[in-house]
Amino acid sequence: MSGLRFFVERTGDGAGQPVLDADNGEELMHVQPGTAIVLGSRQPESSGTLYITTKQVVWLSDTDRRKGYAVDFLSVSLHAVSRDPEAYQDPCLYAQIDNGLEDDESEGSTDEGDESLDLSRITELRLVPSDLDQLDTLFQIFCECAELNPEPIEGEEEEHNWIFSADQLENQEAEEESEWTFSQNLTHSIGHSNGDHDLAHNVLQLQINDQRFEDAEEMDSDSKNGHR
């Protein structure tokens, strides 16, 4: 699933921790407590904890176990440290999100009065740690995890798919055998391709005449050698 999504899978007591997909190799890389999250141009969410894994970014509220957000690194198209007060009032880690929608279907902000938050339309978020000295560390970890999740190359699998199943090999061998049989019976095939039986007879007769012509040349050559 592309884009930002709700995340409620927690384990443990209290605020808990996110449930990771350990079967597919997901590992926890960093935990940053006391981090606020800002979705689009909405107001910051209540303080929570940021979890960065090898596959995704997860933010969980410290006060409401039913509130949490996550985004895969494959959907993070850009991330940077922002310290410009004109861009945002607080220093933060800024991230752009690719939600798979066209520009006119997405929006970087949502109506603050709208209680039903459509995460599929969010295209940017900000992470504001209470410890601003951690911004550069968070940025570096983002970079490392982004390198672990390169964008897949379209068409590469089809272009280099050189592994054949047993059925494919049998079909290929059958096709090659059919082509060989066709070449060996070319005269017969040509003769019957248009329903013309005389054509096959004429080709066969031409081959016989060619053979007789070669025999005649050999006899004439032997006769001349005998008179010398």
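Residue positions within a chain follow its written sequence, with the count starting from 1. With pLDDT at 70 or above as the cut-off, local features in this predicted model cover only qualifying residues; side-chain atom pairs require 80 or more to be listed or tallied, and sums for whole chains, interfaces and linings still use all residues. To get the side-chain values, take all heavy atoms of the structure and skip hydrogens and water.

Report on the overall build of the protein, specifying residues and quantitative values.
Helices and strands together make up the secondary structure of the protein, namely five helices and ten strands. Throughout this description, buried means an accessible area under 20% of the type-specific maximum (1.4 Å probe, protein chains only), exposed means over 50%, and partly exposed covers the range between. In the protein, buried positions account for 29% of the 228 residues. Contacts: residue pairs with any heavy atoms within 4.5 Å of one another. A separation threshold of at least 6 residues defines the contact pool for the protein, and within that pool the share at least 24 residues apart is 59%. Where helices and strands are cited, they refer to DSSP runs of H or I of at least four residues and of E of at least two residues respectively, numbered from the N terminus.

Before we move on, can you summarise the packing of aromatic side chains with the specific residues and values?
The pairing test for Phe, Tyr and Trp rings, Trp by its six-membered ring, is centres within 6.5 Å, and the orientation test on the planes gives stacked under 30 degrees, edge-to-face over 60, and tilted for anything in between. With the rule as written, the count across this model stands at three aromatic pairs. Ring plane angle 40 degrees and centroid distance 5.9 Å describe the contact between F6 and Y69, whose orientation is recorded as tilted. You can see F6 sitting in strand β1 (residues 5-6) and its partner Y69 sitting in strand β7 (residues 68-72), a full 63 residues away along the chain. Measuring from centroid to centroid gives 5.9 Å for W59 and Y69, while their planes differ by 20 degrees, and the two rings are stacked. Here W59, found in strand β6 (residues 56-61), pairs with Y69, found in strand β7; they are ten residues apart in sequence, far enough to count as distant. Accessibility classification places W59 together with Y69 in one group, the buried group. In this structure an aromatic cluster arises from ring pairing among F6, W59 and Y69.

Describe the pattern of salt bridges, listing the residues and the values that go with them.
Counted as salt bridges are all cases of a side-chain nitrogen of Lys or Arg within 4 Å of a carboxyl oxygen of Asp or Glu. Per the counting criterion, the structure on display carries four salt bridges. K67 is the salt-bridge partner of E45, the closest N and O atoms lying 3.2 Å from each other. Taken together, the positions of E45 in the loop between β4 (28-39) and β5 (48-53) and K67 in the loop between β6 and β7 put the pair 22 residues apart, joining distant regions of the chain. We classify E45 as buried; its relative accessible area is 13%. One salt bridge in this structure joins D136 and R83, with 3.3 Å as the shortest N-O distance. Of this pair, D136 sits in helix α1 (residues 135-147) while R83 sits in the loop between β8 (76-82) and β9 (92-97), and the two are 53 residues apart along the sequence.

Please provide a residue-by-residue account of the sheet that holds β1, values included.
Any two strands between which DSSP finds at least two bridges are classified as paired. Spatially, eight strands are ordered β1-β7-β6-β5-β4-β10-β9-β8 in an open sheet, and the strand pairing comes out antiparallel. The strands lining the two open edges of the sheet, one partner per strand, are β1 and β8. Taken together, the two bridges between β1 and β7 define a ladder with antiparallel strand orientation. Note that in β7 the partner of R5 across the bridge is A70. Axes here refer to lines fitted to C-alpha atoms; in helices the fit is confined to the stretch in contact. Angles between the N-to-C directions go from 0 to 180 degrees. Along the sheet face, α1 touches β4, β5, β6, β8, β9 and β10 (124-129) and points at about 160 degrees away from the line of β8.

Which residues make up the environment of E124, and what are the values?
As for its position among the elements, E124 is in strand β10. Along the sequence, E124 and V38 sit 86 residues apart, while their C-alpha atoms lie 8.6 Å from each other. Any N or O atom pair separated by 3.5 Å or less is treated as a polar contact, with the protein-specific requirement of one donor-capable and one acceptor-capable atom, and with residues adjacent in sequence counted only for side-chain atom pairs. At 2.8 Å, the side chain of E124 forms a polar contact with the side chain of Y94.

Residues and numbers for the side chain of N99, please.
Summarising the element assignment, N99 is placed in the loop between β9 and β10. Here the side chain of N99 touches S120 through a polar contact of 2.9 Å, landing on its backbone oxygen.

Got a sec to walk through the nonpolar core? Specific residues and values, please.
Remark: nonpolar core denotes a set of buried residues (Ala, Val, Leu, Ile, Met, Phe, Trp, Tyr, Cys) joined through side-chain atoms within 4.5 Å. Formed by 24 residues in total, the largest nonpolar core has its most connected members in L4, L39, I52, Y69, L125 and L127. Of all elements in the fold, only β4, β5, β6, β7, β9, β10 and α1 reach the threshold of two or more residues within this core. Among the elements that line this core, the one with the most residues is α1, at five residues. Look past the residues within four positions of L127 in its chain and what remains in contact with it is T35, A36, I37, L50, V57, C92, L93, L135 and F142.

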